[in-house]
Amino acid sequence: MKLFVTGGAGFIGSNFIRYMLNEHSDIEIVNFDALTYAGNLENLKEIDGDGRYRFVKGDICEYEHVKSAMQGCDIVVHFAAESHVDRSITGPAVFVRTNVIGTQVLLNVAKELKVQRFHHVSTDEVYGMIELDSKEEWVEDSPYNPRSPYAASKAASDHLVRAYHITYGLPITITNCSNNFGPYHFPEKLIPLAVTNILEGKKIPIYKPGNQVRDWLYVTDHCRAIDLVLEKGKIGETYLVGSQHREYTNLEVARMILKILGESEDKIEMVGDRPGHDVKYAINASKIRRELGWEPEHDFEDWLEKTVQWYRDNEDWWKRVKSGEYQDYYKKQYSNR
Ligand code: NAD
Ligand code: TYD
């Protein structure tokens, strides 16, 4: 079985490639990634020299290149995307290019090459937001209501994937997952930003009022869910993936990180809120639990502690990441808040 993985040099894609090579001896993987600011081959240095793995630097919007690289592959697992909500607010165009047009190019090539499966990795953010005092949880057929340019571009890509199934019979599956955390998470997202800022002697910027809620899932649980969907998922189906642990507000997460690192709460800096900020996401993952036997295996508090330790142990990795293009972004993003 040969997998064509897009965006495999990013956070979740690199964890997925490592996971699949560890779990399955009989697979080959082509990692097709443009190496944008978020793509980093260092994320995969442990598998350098593994004969089952090959990297191709390429842009998913470029039809000819995608077509030549996908030749001979059985399954597409599509992670490549622009993934950060704040960047989508300041520069939405690249989100439409990569997330919408790039997905359509991949779908077309997958159709032409008659791949056995096109698995699309998506987000719970397509469903919009839930009020803080509501007990509502999203299920697979909850209505789409994306509220950020990022979420809107992912929603458009989900619709295209379903349209290729209905119109052309492309064998697709989709997972919409909640917020992931773990090793190799780019330090512009809340958890790795908070941890690395503290390790650098800086503060944690929390968007006011800090009571917003996310459903954090350890990245390996997400990788296992995708593996199970590839193995047992029904063609044409969508599966929601989320942890369903108790709710943690952003301020609580920041306080937990400070406690693990032995720092006081004056290291939290309340900053201006994100425009159109979704206050809460909540997934009901009963379908994948019931139909595929998936369960999250990593407790949030234990694995937050282990993740913090990973950033402590891998200072070289995140210092190199933070010293690049990210510096300019960080200055722009937080200077007026
Ligand atoms: P990431 O930003 O860490 O990585 C994205 C990867 O895509 C990078 O390696 C980048 O180089 C590559 N890429 C970007 N544009 C490309 C292009 N035009 N051609 C080829 N490669 C390109 O993202 P992530 O957090 O690992 O997310 C991966 C996927 O999972 C995304 O589709 C995202 O929407 C989805 N998702 C993420 C989360 C999360 O919490 N991070 C949760 C649910 C779903
Ligand atoms: P983020 O990690 O950007 O993921 P997403 O917006 O896709 O859920 O943000 C997680 C939560 O943390 C979200 O409610 C916004 C908030 N946040 C902050 O309070 N401060 C920050 O510096 C960042 C990046 C996020």
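Look a little higher up for the structure.
Since this is a predicted model, take the numbers as computed values, not measurements.

Here we take up the site of ligand 1. Around ligand 1 sit 28 residues in total, of which Ile12, Asp33, Ser83, Tyr150 and Lys154 are the nearest. Within the contact set of ligand 1, a nitrogen atom lies 3.1 Å away from a backbone nitrogen or oxygen of alanine 34. A distance of 3.4 Å separates an oxygen atom of ligand 1 from a polar atom in the backbone of leucine 35. When ligand 1 sits alone it has 840 Å² of accessible area, and the protein chains cover 96% of it. Counting only elements with at least two residues in the shell around ligand 1, the list comes to helix H1 (11-23), strand E5 (117-123) and helix H5 (149-168). Looking at the shell around ligand 1 element by element, the count peaks at 3 residues for E5. Split into classes, the residues belonging to the shell around ligand 1 amount to 13 nonpolar, 12 polar and 3 charged.

We now examine the side chain of threonine 307. Examined against the element boundaries, threonine 307 turns out to sit in helix H10 (residues 300-313). Overall, threonine 307 belongs to the buried group, its relative accessible area being 2%. At 2.6 Å, the side chain of threonine 307 forms a polar contact with the backbone oxygen of tryptophan 303.

Looking at where alanine 194 falls in the secondary structure, it is placed in helix H6 (residues 190-199). Among the residues examined, alanine 194 registers a relative accessible area of 1% and is labelled buried. For the pair formed by alanine 194 and isoleucine 257, sequence separation is 63 residues and the distance between their alpha carbons is 7.5 Å. If near-sequence neighbours (up to four positions away) are discounted, alanine 194 is found in contact with Ile204 and Ile257.

For the rest of this paragraph, the subject is the packing of aromatic side chains. Centre-to-centre distance and the angle between the planes together describe a pair of aromatic rings. All chains considered together, the criterion is met by 17 aromatic pairs. One aromatic cluster is present, built from ring pairs that chain together Phe181, Tyr218, Tyr248, Phe300 and Trp303.

If you check the shell around ligand 2, you find 19 residues, and the closest are Glu125, Arg214, Arg274, His277 and Tyr334. Here a nitrogen atom of ligand 2 sits 2.8 Å away from a polar atom, N or O, in the main chain of proline 205. At 2.7 Å, a side-chain N or O of histidine 277 approaches an oxygen atom of ligand 2. Its free accessible area being 510 Å², ligand 2 has 98% of it covered by the protein chains. Of all the secondary structure elements, the ones that give two or more residues to the shell around ligand 2 are helix H3 (85-90), H6 and strand E8 (204-207).

Conventions we followed
- Numbering of residues starts from 1 in each chain and follows the order in which that chain's sequence is written.
- Each chain takes a letter, starting from A, and each ligand takes a number, starting from 1, following the order in which they are written.
- Local features in a predicted model are, by the rule used here, given only for residues with pLDDT of at least 70; side-chain atom pairs are given and counted only at 80 or more, and totals for whole chains, interfaces and linings are based on all residues.
- Computation of side-chain values covers all heavy atoms of the structure but excludes hydrogens and water.
- Here a residue counts as near a molecule or strand whenever at least one of its heavy atoms sits within 4 Å of it.
- Definition of a polar contact: a pair of N or O atoms within 3.5 Å, with one able to donate and the other able to accept a hydrogen when the atoms are protein atoms, and with sequence-neighbouring residues admitted only if both atoms are side-chain atoms.
- Note that accessible areas follow from Shrake-Rupley with a 1.4 Å probe, and for residues the cover is restricted to the protein chains shown.
- Helix and strand assignments follow DSSP, with helices taken as H or I runs no shorter than four residues and strands as E runs no shorter than two, numbered in order from the N terminus.
- Three classes are used: nonpolar for Ala, Val, Leu, Ile, Met, Phe, Trp, Tyr, Cys and Pro, charged for Asp, Glu, Lys and Arg, and polar for all others, with Gly counted as polar.
- Any residue under 20% of the maximum accessible area for its type is buried, any over 50% is exposed, and the rest in between are partly exposed; the area is computed with a 1.4 Å probe on protein chains only.
- Residue contacts are counted whenever heavy atoms from the two residues lie within 4.5 Å of one another.
- Any two of the Phe, Tyr and Trp rings considered here, Trp counted by its six-membered ring, make a pair once their centres fall within 6.5 Å; the pair's planes then place it as stacked at under 30 degrees, edge-to-face at over 60, or tilted in between.

Honestly, that's just the spatial picture; any functional story needs more than this.
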